Each structure stands twice: as structure tokens, then as C-alpha cells.
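Topology and contacts: notes
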Amino acid sequence: MNNRYTRRQSLKMLTAGLAVTLLPAMPRLAASEELLQKRFSADKTLPVIGLGTWQTFNVGTDPKLLAARTEVVSAFFELGGGLIDSSPMYGSSPDTVGHALQQLGIPDTLFSAEKVWSPAGGSAHEQVANLLGRWKLEQFDLVQVHNLTDWREHLAALREMKQEGLIRYIGITTSHGRRHQEFEQILASEDIDFAQLTYNITHREVENRLLPLAREKGIAVIANRPYDGGRLIKGLKRRNESLPEWAEEECGCSTWADFLLKFIVSHPAITCAIPATTQVAHLRENMHAGMGTMPTASTRQKMVNFIESL
Amino acid sequence: MIFGSSYSLQDFVPFTADIYFRLLERMGETYWPLHLITIVLGMVALWLVLKHRLRLACVLIAPVWLFVAVAFFMRLYAELNWAGGYIAFAFLTESALLLFLALTGIGLDDRSAKSQASFVGMFIALAGLIGLPFMGLLSYGSGLRAEVFGIHADPTSMTTLGLAIMISRGWLLWCISLIPALWLLYSGLTLWALGAPSAKLLLVVLFIALTGLFWKQLELSMLKHESHDQN
């Protein structure tokens, strides 16, 4: 195994760990170039910006695009990234991540997050075994039940695999605001480590019940669709909308990526957001949002008011 | 608020625009200069239709559908989209249908090449054979990125749909038009979701083709009615 990043990433982790130890759970951090980490269990932290792979990493066997996505993954780890999220329903995305990891080596900071879902074929055991092969890993950090498909059967199987040491954490996912009632029931009644759901500045329904419940139960939360499938950030850029001056003064926003992502990851219940991108430049923007000062509760409200006024 | 919710067409397309266009480009790179042969095949097929050699025209087009099914859908597109395997099967079916027409002559109507609706068919066929590749050439300045009959699915479907309007009648008119028309719809919606301007072109061509199909059906019905009157 090529541990190309090990020393550098270990130093970063050490620094980040120190920061987490010294700071309260939801800090207003002093400006810094380190990616903010959030605690998700007694002794574990995750960088607040992860990497999604829906649509963007589904490149098949195209050598040119595989190389381009490898560059994205490389920049992600160089900037202190950790969580990469994929799914068997994302076409060749798991293979693309596997290709990148094979090229770059597996950094210590990698937090591999996959999913199982029923239409993917095979049992949860078979799916996880297949996906491990595609990622070229021996263990997943997190496996989630995709969109609650057959969640009872899948969760039972994932628990077995957790006991066997094939996976470290288990979770459930939903997106687009679907099946929140059932999601809430599972959060309340099942012993799970992670919940993945849609949360962004225009889709805040989860603030009412799901996020408080996750916080109460100590469940880590991954926010998917941070840009609402790209529409949010593209819409703002297309309108040539300028960032409000207070956004820079109060939480160091210099781009719309900063504005939209800082809003998400500054929620006390959110562990990390997983924007997806095909470009290193956009990835750098995304990662920058996880650094420096985070908005306070009052600034977050101003952010919502601003977006709603558009 | 300017930002609405939630599901959109885009959420059902499992890749981004750059990935899809790169896929089309790879077809061009991989099979060049086969393009020259497939375009000539298409032109000869159109010429044969105008010369009432309909069965021979079908013989020329059938293998093209087989090639696109295997080389594009099975080999490349299915890597990105689970639906690719099913679409490949549909393209193979179209190839078999064209071969059936070529072998049996059932459903072929050489009189119809002179019908007014057939001009619509010819327009669509030429749009697929010449218009689409030419547009690609103008847009990208490279033949490898242009979509070409016999290599890519859109111009292949467009040309075949045009020829179908020109050569077939009865239920087989609809039978051999169904798969190309459905692909144009699927492809048009995919391109729409990806924000590609060519989506509108594809959907307009499909609309014109459907108009041509109904027109052709009407012409055939009127012809049948007239022949009954004469009897």
C-alpha cells in the first residue's frame, strides 16, 4: 500500500485533533487555513467538507476523465479532506474512486463512505464485498442504507458486518426531503452511527425534527445536495449576484461556495457536507469553505433572509 | 425566492454534461475513419430509397444499428447508465426489424417515396446525415467531436426515422419508427437535463418527424379510401 500522504496527513490530523480538543463543539473559529474538524464520536473527528461523487465521478473507463478525477481526489486530500461518499447506484463512481486511490495511495485521513441498496442486486454482504473490490479497500469506514430501501434487512446485515470488522460505522440516507417521517422513526429507534440527508440553505425542513433528534442521539449527520444539485450555486453565479459585504466581515465568505457551505457546516448537528465537483478549482473553493471563521446563529439567519429575498 | 425545489430532470441523469460529450468524442476517436464509410452508407441508402430499391436500403441500415448497439451502448454507455443495456437491446431489435423488412419486403411501400409526407422524411434523413455532423464540425472545429450517422445514436436514429417515413406503410411504419423516435425523445430529454442547446434541435426534429409520420398515415388512409371508391 502506498502511504504517500501519511506523514503530512498525520501532522494535519494532529493539528486538527488539537484544535478539536481545545475548541467547543460549535466554535466561532479564528481564521486559519486548516479545515475545520467536527467530532462525531467520543474520539473521532471528520473534516467538515467531504467529497460527493454522484454524477461527477461516473466516468466509465475513459483514461482522460479518470486522470482528471484523480487530480480532484489528490487536491481533496492535499487540502485535508477525509470523507468520500459513493453508491452502487452512481454508475462507475466507486470504480473511479478506486482508481484514484490506487494511483495516489490510501491516505490515513480517508473516510470511505458507501451504500447498499436493493436494486443494486445481491445481498448487503455481496454488495459490500463487491464495493470493497471496486474501491480497492479491505474495510469501509461507513456503509449506509441508500434511501431506506429494505432498511430492516440491510441494517441487520450491516450490523453483522460491523461486528465482523468489515465496516466501522453504519448509517441510513435519504435525499430530496423524502420519507422524513420514516427516517425520524429509524433515527429514534435504531442504533445507527450516521444519518445522511438533504440540507442546504433553501431546504431546511430537517432543522425542525431530524437534526435536533440526531444531535440528541449523538448521530453524525452528512448533508447531501449542498448546492441543491448544482442549481443553487449556478443560479447565483448566473444572476451575477454579489456576496453581501457582511458575509465577508462576519464569516469570511469570499465566494458563493463559502456562503452556501459555511451555512451548512455551521449547523451544530451537521458533521460534514459532501459537495461534488469535476474540477480542481471548484474543489478548492469548496474546501476553503471549511476553513476560517464560521457564521454565528445570527449570521446564519441573515444568510437565510438574504437568499429568501432574492 | 428564486430557488425552487427539488426534483428535476437533471436528477435522473447519472452523469454530467462533460462526461456525456466526452463519451461521444471517444466514439469519434475510437472509430475514425469509419465515419466516412457510415456516412456513405447512409447516403447510398437514401439514394436507393429514391430509386425504389427499398429492401437493399434496409440491408445497408440494419448493420449500422447493430454496430451502435454494441460499440456505443454496450461498450461505453452502459458503463455510465444501467439503462444502457436495455437501450442496446432496443437498438438490436431495430436492426432485426430492418433486416426483416429487407428479407420479406413486408411493410415496404415504394409508391410512398413520392408522397408529400416523404419530403418530410427526406428532410429528417438529410438532417441526420448532413445537418448534425456539420453542426458538430462548426461547433467544435473537429470531425472527431461531430456526431455521425452509423457511429452515434442521434444521427442514426434521425436518419432512420426519416427513411422509415419514406419507405414503410401500415403497422410496420410505426414499428420501425418507434425505437428511433423513443431514442430521440430520451436523448433530447437527457441533453435538456444537461443544459445542452442541441436538446431543442433534437426535440424539434422529433416533432417534425412525428408530424411526418401522422401525415404519411393520413396519406395512406386516403389512398386506401380512394382505391375502395374506384372499386
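Here, the structure is the one placed above.
Worth saying up front: this structure is predicted, and the values here are computed from it rather than measured.

Moving on to the overall build of chain A. Counting its secondary structure elements, chain A contains 12 helices and 10 strands. Burial analysis of chain A (310 residues in total) assigns 51% to the buried set. Taking as baseline every contact in chain A between residues at least 6 positions apart, the subset at least 24 positions apart corresponds to 78%.

Time to look at the environment of Gly80(A). Residue and element names in this part refer to chain A. Looking at the secondary structure, you find Gly80 in the loop between helix H2 (63–78) and strand E4 (83–85). Note on Gly80: 24 C-beta atoms within 10 Å, which makes it buried. Each C-alpha atom of the pair Gly80 and Ile222 lies 17 Å from the other, and the pair is 142 residues apart in sequence.

Turning our attention to the sheet that holds strand E5 (residues 111–116) of chain A. Residues and elements named next belong to chain A. One open sheet accounts for eight strands, arranged E3-E4-E5-E6-E7-E8-E9-E10; its pairing is parallel. Of all strands in the sheet, those with a lone pairing partner are strand E3 (51–52) and strand E10 (272–273), marking the two edges. In the packing of helix H4 (residues 124–135) onto the sheet, the strands contacted are E5, strand E6 (140–145) and strand E7 (167–173), and the crossing angle to E5 comes to about 140°.

Moving on, we come to the nonpolar core. Core analysis: the largest hydrophobic core is formed by 155 residues, its most contacted members being Val221(A), Leu260(A), Ala273(A), Ala57(B), Ile61(B) and Leu163(B). A total of 14 residues in this core trace back to one element, the largest contributor, which is helix H3 (residues 54–80) of chain B. With residues near it in sequence (within four places) discarded, Leu163(B) still touches Ala45(B), Leu46(B), Val49(B), Ala57(B), Ile61(B), Gly121(B) and Ala125(B).

The interface of chain B with chain A comprises 19 residues on the first partner and 24 residues on the second. Looking at the side of chain B that touches chain A, the elements with two or more residues in it are helix H1 (17–31) and H3 of chain B. Counting residues per element, the side of chain B that touches chain A draws most heavily on H1(B), which supplies four residues. A class-by-class count of the residues in the side of chain B that touches chain A yields nine nonpolar, five polar and five charged.

Another aspect to go through is the packing of helix H2 (residues 34–50) of chain B against H3(B). Residues and elements named next belong to chain B. Relative orientation of the contacting elements H2 and H3 amounts to 155°, with a least axis distance of 8 Å. As the angle between them shows, H2 and H3 are arranged roughly antiparallel. Every pair of crossing elements has a handedness; the one defined by H2 and H3 is left-handed. Residues Thr38, Leu41, Val44, Ala45, Leu48 and Val49 of H2 pack against Leu54, Leu56, Ala57, Leu60, Ile61 and Val64 of H3. Its residues placed into classes, the contact of H2 with H3 shows 11 nonpolar, one polar and no charged.

What counts and what doesn't
- Residues numbered from 1 in each chain as written.
- Chains lettered and ligands numbered in written order.
- Predicted model: local features only at pLDDT ≥ 70, side-chain atom pairs only at ≥ 80, totals over all residues.
- Helix = DSSP H or I, 4+ residues; strand = E, 2+ residues; numbered from the N terminus.
- Buried ≥ 20, exposed ≤ 12 C-beta atoms within 10 Å, placed from the backbone.
- Contact = placed C-beta atoms within 7 Å.
- Pairing = 2+ DSSP bridges.
- Axes fitted to C-alpha atoms, helices over the stretch in contact; angles between N-to-C directions.
- Core = buried A, V, L, I, M, F, W, Y, C linked by C-beta atoms within 7 Å.
- Nonpolar A, V, L, I, M, F, W, Y, C, P; charged D, E, K, R; others polar.
- Parallel < 35°, antiparallel > 145°, perpendicular 65-115°, else oblique.
- Left-handed = near helix turned anticlockwise from the far one by under 90°.

Nothing here speaks to function; it is all geometry.
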